[in-house]
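# Reading the structure
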Amino acid sequence: MRTDTDDGRPVTILSGSLGAGKTTLLNHLLSNAGDRSLAVLVNDMGEVNVDADLVAEGSELELDDGVAELSNGCICCELQDDLETAVVRLARDRSFDHLIVESSGISEPAPVARLFTTESRVAALYDVDTLVTVLDTPAFLEAFAGADAPERRGEEDDRPLSDLLVEQVEVSNLVLLNKADRCTEAELEEAEELVGALQPDAETIRTEFAAVDPDRLLGAGLFDPDRVTDLPGWKRALESTDGEGDGRHDDHHGHHHPDEVYGVSSFVYRARRPFHPERFAAVLRELPRSIVRSKGTAWLADNEMRVSIAGAGPSVRATAQGPWIASLPAVERDMYRSNRPDLEWHDEHGDRRTELVFIGTDYDEAALREGLEDALVTDAEWEGALEGPFPDEQGAAVVVREP
């Protein structure tokens, strides 16, 4: 976490889907900045609509080179250049105490956070303070439990809203459950459990009209750069059930149960036998809606690629990450193994294996495990030619299931 000895200016990265309440939150923070001088960098000034009456009486909001001067010492900028250029220029040309960067409503906050944490001219000027996600709580619950999945708006790609919601929560330190006044107590508790399953370390705050004490978001020091790669709940689940089995399929029945009110839990499925591609695709297409997140690596009998599986609610994608080390020529394979002494290696199958995490509410774990077991190839099938919908070229991706 940040300390008082850090030299960079603190930056809060704000994300949230369109309509979640980011604009209202920005107005609230600017209106209640107190002694702080804030810089707010947004993607589209027209979208933010910072109103003078809401921010500070008498504020002048005419843009001067993309910067709006506010009477309380704050500034608001529209992102006309690329983000790196904009934040470097801000630090050089303007005086302020804290920077708030709003991610686009149709993009993930992780790339923005990486800009501030990697070795760059930006990282030398700033220190990430907190990653904040604003949720439209009713829409968040509807994305995973409703009859109709809400569509993701925007032109970035064609993924559904559930993908974006999951990714925004998984990288957050603090989640605002906004529009809490539109939810029952039971629904708010369910939303808190879902957030906890996706991101165990995230704090949650229930808000109405995004009203929150600025001290909870600014200077909170919740971001830990040493843990940014292992934040999501699905990675935590894999680590908590790590180990080897000795059965035909090497199946682990590891599972994780948070404090349950609505049955939010996770389990890990492991196997040392590949999936029949068509049967495995059928399992993914038939996952119950109560599965909020599915994530991991699958071993498929029809190709030698490590295929990553990423599901969020009703959406499932598969991406070929690269070849299994065991499939490489002997010299190359031995070199990789010598550089990775901790690599788990099976005498017969090498590093080929399946590791999948499922997080959800009130799903039938036994039935899902049985479906996965039935999707594994038989000995006879393994010897024949198989075809399936999964990618077999590195970097290629396919949509296995659409909402």
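Below or above, wherever it landed, is the structure these notes cover.

### Examining the nonpolar core
- Counting 27 residues, the largest nonpolar core has Phe275, Phe280, Ile309, Phe358 and Phe390 as its most contacted members.
- For this core, the elements supplying multiple residues, two or more each, are strand E10 (264-271), helix H11 (277-285), strand E11 (291-298), strand E12 (305-312), strand E13 (315-323), strand E14 (354-361) and helix H13 (365-374).
- Broken down by element, this core gets its largest block of residues, 4 residues, from H11.
- In contact with Phe280, other than residues within four places in its own chain, are Phe275, Ala298, Leu300, Ile309, Leu356, Leu372, Ala375 and Phe390.
- Residues Ile13, Leu83, Leu99 and Leu131 belong to the second largest nonpolar core, which totals 22 residues.

### Points about the packing of H11 against H13
- With their axes 9 Å apart at the nearest point, H11 and H13 run at an angle of 160° to one another. As the angle between them shows, H11 and H13 are arranged roughly antiparallel. Seen along the crossing, H11 lies across H13 with a hand that is left-handed. Where H11 approaches H13, its residues Arg279, Phe280 and Val283 are matched on the opposing element by Leu368, Gly371, Leu372 and Asp374.
- Across the contact of H11 with H13, the residue classes tally to 4 nonpolar, 1 polar and 2 charged.

### Quick notes on the pattern of salt bridges
- One pass over the full model with this rule turns up 18 salt bridges.
- The salt bridge partner of Asp334 is Arg333, with a shortest N-O separation of 3.9 Å.
- According to the relative accessible area criterion, Asp334 is partly exposed, its value standing at 44%.
- The salt bridge partner of Arg353 is Glu355, with a shortest N-O separation of 3.9 Å.
- The buried category is assigned to Arg353, whose relative accessible area is 9%.
- One connected set of salt bridges, linked through shared partners, spans Arg270, Arg272, Glu344, Arg353 and Glu355.

### Topic: the pairing of strand E6 (residues 126-136)
- Most of E6 is tucked away: 11 of the 11 residues are buried.
- Direction of pairing for strand E1 (residues 9-16) relative to E6: parallel, over a ladder of 8 bridges. Paired with Ile13 across the two strands is Leu131, which belongs to E6.
- For E6 and strand E7 (residues 174-178), the ladder comprises 5 bridges, and the chain directions are parallel. In the strand pairing of E7, Asp136 is matched with Asn178.

### Here we look at the side chain of Lys179
- For Lys179, the location among the structural elements is in the loop between E7 and helix H8 (185-198).
- Setting aside its immediate chain neighbours within four residues, Lys179 contacts Gly19, Ala20, Asp136, Pro138 and Thr207.

Cut-offs applied
- Residues numbered from 1 in each chain as written.
- Predicted model: local features only at pLDDT ≥ 70, side-chain atom pairs only at ≥ 80, totals over all residues.
- Heavy atoms only, no water.
- Core = buried A, V, L, I, M, F, W, Y, C linked by side-chain atoms within 4.5 Å.
- Buried < 20%, exposed > 50% of the residue type's maximum accessible area, 1.4 Å probe, protein only.
- Helix = DSSP H or I, 4+ residues; strand = E, 2+ residues; numbered from the N terminus.
- Contact = heavy atoms within 4.5 Å.
- Axes fitted to C-alpha atoms, helices over the stretch in contact; angles between N-to-C directions.
- Parallel < 35°, antiparallel > 145°, perpendicular 65-115°, else oblique.
- Left-handed = near helix turned anticlockwise from the far one by under 90°.
- Nonpolar A, V, L, I, M, F, W, Y, C, P; charged D, E, K, R; others polar.
- Salt bridge = Lys/Arg side-chain N within 4 Å of Asp/Glu carboxyl O.
- Pairing = 2+ DSSP bridges.

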